[in-house]
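So the chains spell out like this:
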Amino acid sequence: MAEHPRFTRPVTAHEADKGQALTFETLPLDCGRALTPVTIAYITHGALNVEKSNAILVCHALTGDQFVASNNPVTGKPGWWVSLIGPGKPIDTDRFFVICANVIGGCMGSTGPADNDPATGKPYGLTFPLITIRDMVRAQKLLVDALGIEKLFAVIGGSMGGMQVLQWAASYPESVRAAIPIACAARHSAQNIALHEVGRQAIMADPDWHGGEYAAAGAFPSKGLAVARMAAHITYLSEAALQRKFGRNLQNRASLSFQFAPDFQIESYLHHQGASFVDRFDANSYLYITRAMDYFDMAEEHGGRLAEVFKCSPTRFCIIAFTSDWLFPPAENKIVAHALNAVAGNVSFVVIDSDKGHDAFLLDEPEMFAAVDGFVDAVALEAGIA
Amino acid sequence: MSELRPELAAIAGMIRPGTRVLDVGCGDGALLDHLVRAKNVDGRGIELAQQNVNACVARGLSVVQGDADTDLAEYPAGVFDAVILSQTIQATEKPAKVLKDMLRIGRRVAVSLPNFGYWRVRASLLLHGRMPRTRTLDYNWYDTPNIHLCTLADFIGLTQEVGAVISEAHTLDSDGRTTRIRPDAVTSGFLGPNLTAPGAIFLIKRDSASQG
């Protein structure tokens, strides 16, 4: 039975669709432990057809959530992918049944470190098991199975969402008709791990973190989490976009202050990003989910041969990358396309000229919409979906 | 859907319905689109120009951005029934390697190319002493993408060198119209297609006798 999700962050938009949640007995994890029980919070849009052949699973990025195409009940803001998903959009909710679930380890209703450990009755904190991208996908499979869907029409996502898309195709090839990994890679690079470690150390260096047990201490490591977000946010943009949007413009002043208060627009922009993030995200979730991304390396168990992962894959792929994305550059995306070529997989690989950096996948990018639209239509034609 | 130009229609005629086909340098995807729709092929494309790739994907084709010179090496052997290289071989860095790669990954290879032995090309160089510009080779020498031009006889020489045999041949006239000819007629006599045709299409395959 679907229940209502329990958010660890305060709900501000009471009129928003809060989605649903399902609790399963147990979820075995790559680390050898299990989450018992495990709750998965999710939201759906559109209607599942009689054949159950029109379901599209959307996978969210590091700090995303299930509120992909409707107002977010915590922030009150529109869904994070309303540009792509909705009635008449490239992912048309009048045509497809769209599912988006909060990842495990998250803080929007799926089981995460802020939840109580049933064994102790206290928040997991750092006793929460280390999770992987594959664990996230295994949890989503529980949900998809529970919804009675044997084969997803498509799995789509950007950044960490793209990693989940690739993992879906690798773990459950027969359950994925089409895969649309965007702005991602088949492994986290040294640079990406390094950037994540800076964020984690910022959180852990905050005295309000209390070794992860800030809830018990009645505290929250807002400063550390904000710094982590500020550092990460820079990596989501490009130098050109920063220059174009902010340059060296001063914030509310005519000249330099000769103080450390924010002089520049880019500084106050980052401060705002940090401050608004801590209102909606859990610090320990940030630690766990960044770690899951760091551990991601699909080729590892195949001796570094990524092509082996996709051998005989029946899935049709559409890989999309952006020229100015330096977090998951086109070259990293291309490695996946090449691996699929090497097994004669059915793959399209699109690189979109944009100066908006990694975050381009969330923005108004008509060429991305056209690619997704054309790809989805072609697969729908093959699958006989009206 | 606009009608295929005759050259592409002739290539399409070489493709068996329902097979898996790779179009190398597929441009805007006109041929691939036709093959997918009209012949129900499992069509894949490689294209160098990003804008073309994006246009292909937006029309529902499976196309990757890639370079024939470097990226064909990744494909496994024998997975395509046919590999197509239309008006592209003269723009590759290593035509012999590209041709060998295509013969490895496809059972049959369709190649169309301009003929540098065409009499207008020869006459232009002979009479004017300048690099030729013709309707099919309409570039200045300093901005042409065509870095490895050859005559039809040269191309046939290359097919022999890489251990391939020609199973079908068509000439292309300056309006792009095609005429099917016997493969051995291409280089026969001084006044044959090597002098009279602006271009040609060949269907080639590995010579099972030579294993070259």
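Model, not experiment: these values are computed from the prediction. (Residues numbered from 1 in each chain as written. Chains lettered and ligands numbered in written order. Predicted model: local features only at pLDDT ≥ 70, side-chain atom pairs only at ≥ 80, totals over all residues.)

Colleague: Whenever I open this one, the overall build of chain B confuses me. Can you help?
Modeller: Tallying secondary structure elements over chain B gives eight helices and eight strands in all. Against the globule reference of 17 Å for 212 residues, chain B gives a C-alpha radius of gyration of 17 Å, in line with a compact fold. If you line up chain B on its principal axes, its C-alpha atoms span 50 × 40 × 30 Å. Across chain B, the fraction of contacts at a sequence separation of at least 24, relative to all contacts at a separation of at least 6, is 65%. (Helix = DSSP H or I, 4+ residues; strand = E, 2+ residues; numbered from the N terminus. Rg over C-alpha atoms; globule rule 2.2 N^0.38 Å. Contact = placed C-beta atoms within 7 Å.)

Colleague: Would you explain the interface of chain B and chain A in this entry?
Modeller: Listed per partner, the contact involves 15 residues of chain B and 22 residues of chain A. Elements that contribute at least two residues to the side of chain B that touches chain A include exactly helix H3 (50-58) and strand S3 (62-65) of chain B. Counting residues per element, the side of chain B that touches chain A draws most heavily on H3 of chain B, which supplies five residues. Looking at side-chain class alone, the side of chain B that touches chain A contains eight nonpolar, five polar and two charged residues. (Nonpolar A, V, L, I, M, F, W, Y, C, P; charged D, E, K, R; others polar.)

Colleague: Can you walk me through the pairing of strand S1 (residues 20-24) of chain B in this structure?
Modeller: Within a regular strand, the side chains alternate between the two sheet faces. Residues and elements named next belong to chain B. When you tally the buried positions in S1, you get four out of five residues, the bulk of the element. Relative to strand S2 (residues 42-47), S1 runs parallel, the two sharing five bridges. Each bridged residue has a counterpart across the sheet, and for Val-24 the counterpart in S2 is Ile-46. As for the winding sense of the linkage, the β-α-β connection from S1 through helix H2 (residues 30-39) to S2 is right-handed. Of the pairings in the sheet, the one linking S1 to strand S4 (residues 80-86) comprises four bridges and is parallel in character. The residue of S4 that forms the bridge with Leu-22 is Val-83. (Buried ≥ 20, exposed ≤ 12 C-beta atoms within 10 Å, placed from the backbone. Pairing = 2+ DSSP bridges. Right-handed = clockwise from strand over helix to strand, strands pointing away.)

Colleague: Is there a simple way to think about the packing of helix H3 (residues 190-204) of chain A against helix H7 (residues 283-294) of chain A in this case?
Modeller: Helix packing geometry: the angle between the two helix axes and the distance between the axes. Residues and elements named next belong to chain A. Between H3 and H7, whose axes approach to 10 Å, the crossing angle comes to 160 degrees. Taken together, H3 and H7 sit at an angle that is classed as roughly antiparallel. Crossing hand, H3 versus H7: left-handed. The segment H3 lies against H7, with Ile-193, His-196, Gly-199, Arg-200 and Ile-203 engaging Ala-283, Tyr-286, Leu-287, Thr-290, Met-293 and Asp-294. Classifying every residue of the contact of H3 with H7 by side-chain character gives six nonpolar, three polar and two charged. (Axes fitted to C-alpha atoms, helices over the stretch in contact; angles between N-to-C directions. Parallel < 35°, antiparallel > 145°, perpendicular 65-115°, else oblique. Left-handed = near helix turned anticlockwise from the far one by under 90°.)

Colleague: How should the domain arrangement of chain A be read in this particular structure?
Modeller: Many descriptions give the size of an interface as the accessible area lost when the pieces come together. All names here are of chain A. Taken domain by domain, chain A consists of domain 1 (20-187 + 298-383) and domain 2 (192-291). Contact residues are listed per partner, giving 26 residues for domain 1 and 22 residues for domain 2. Across the side of domain 1 that touches domain 2, the residue classes tally to 13 nonpolar, nine polar and four charged. (Domains from an automatic or database assignment.)

Colleague: Whenever I open this one, the pairing of strand S5 (residues 106-114) of chain B confuses me. Can you help?
Modeller: All names here are of chain B. With eight of its nine residues buried, S5 lies for the most part within the structure. After leaving S4, the chain enters helix H5 (residues 95-105) and then returns to the sheet as S5, a path that is right-handed. In the sheet, S5 pairs with strand S8 (residues 199-206) via seven bridges, with the strands oriented antiparallel. Across the sheet, Val-109 pairs through a bridge with Ile-204, a residue of S8.

Colleague: Would you mind showing me how to read helix H9 (residues 330-342) of chain A here?
Modeller: Since the α-helix packs 3.6 residues into each turn, any two residues three or four apart lie on the same face. Residue and element names in this part refer to chain A. Counted at 1.5 Å a residue, the expected span for H9 with its 13 residues is 18 Å, and the 18 Å between its end C-alpha atoms agrees. Taken together, the buried positions of H9 are Pro-330, Asn-333, Lys-334, Val-336, Ala-337, Ala-339, Leu-340 and Asn-341. With its phi angle positive at about 55 degrees, Ala-344 sits one or two positions after the end of H9. (Expected span 1.5 Å × (residues − 1).)

Colleague: Which parts of the structure should I look at to understand unusual backbone geometry?
Modeller: Across residues other than glycine, the phi torsion is negative in most instances, and most of the peptide bonds are trans. Residue and element names in this part refer to chain A. Note that the residue after Thr-36, namely Pro-37, is joined by a cis bond; omega there is -5 degrees. By the secondary structure assignment, Pro-37 is in the loop between strand S3 (34-35) and strand S4 (38-45). Positive phi values are uncommon outside glycine, yet Ala-183 reaches one of about 45 degrees. You can see Ala-183 is positioned in the loop between strand S12 (176-182) and H3. Residue Ala-183 is classed as buried on the basis of its C-beta count, with 31 C-beta atoms lying within 10 Å.

Colleague: Quick question: what am I supposed to make of the nonpolar core here?
Modeller: Most often, soluble globular proteins keep nonpolar side chains buried together rather than apart. Residues and elements named next belong to chain A. Counting residues in each nonpolar core, the largest one holds 177 residues, and the members touching the most others are Ile-56, Val-58 and Ala-154. At eight residues, the largest contribution of residues to this core is made by helix H10 (residues 366-383). In terms of domain composition, this core takes at least three residues from each of domain 1 (20-187 + 298-383) and domain 2 (192-291). Leave out the neighbours within four places in its chain, and Ala-154 touches Ile-56, Arg-177, Ala-178, Ala-179, Ile-180, Val-376 and Val-379. (Core = buried A, V, L, I, M, F, W, Y, C linked by C-beta atoms within 7 Å.)

Colleague: Whenever I open this one, the environment of Phe-349 of chain A confuses me. Can you help?
Modeller: Considering the arrangement of structural elements, one finds Phe-349 of chain A in strand S14 (residues 346-352). Linking Phe-349 of chain A and Ala-321 of chain A, residues 28 residues apart in sequence, is a C-alpha distance of 8.0 Å. In contact with Phe-349 of chain A, not counting residues within four places along its chain, are Ile-319, Lys-334 and Ala-337 of chain A together with Val-64 and Gln-65 of chain B.

Colleague: Hey, could you run me through the packing of helix H1 (residues 133-146) of chain A against helix H2 (residues 160-171) of chain A in this one?
Modeller: Residues and elements named next belong to chain A. Contact geometry of H1 with H2 gives a least axis separation of 9 Å together with a crossing angle of 70 degrees. Taken together, H1 and H2 sit at an angle that is classed as roughly perpendicular. Every pair of crossing elements has a handedness; the one defined by H1 and H2 is right-handed. Facing H1, whose interface residues are Ile-133, Arg-134, Met-136 and Val-137, H2 presents Met-163, Gln-164, Gln-167, Trp-168 and Ser-171. Residues that form the contact of H1 with H2 fall into these classes: five nonpolar, three polar and one charged.

Colleague: Is there a simple way to think about the environment of Leu-340 of chain A in this case?
Modeller: Residue and element names in this part refer to chain A. Secondary-structure assignment places Leu-340 in helix H9. A residue is classified by how many C-beta atoms lie within 10 Å of it, and Leu-340, with 28 of them, is buried. With 51 residues separating them in the primary sequence, Leu-340 and Ile-289 have C-alpha atoms 27 Å apart.

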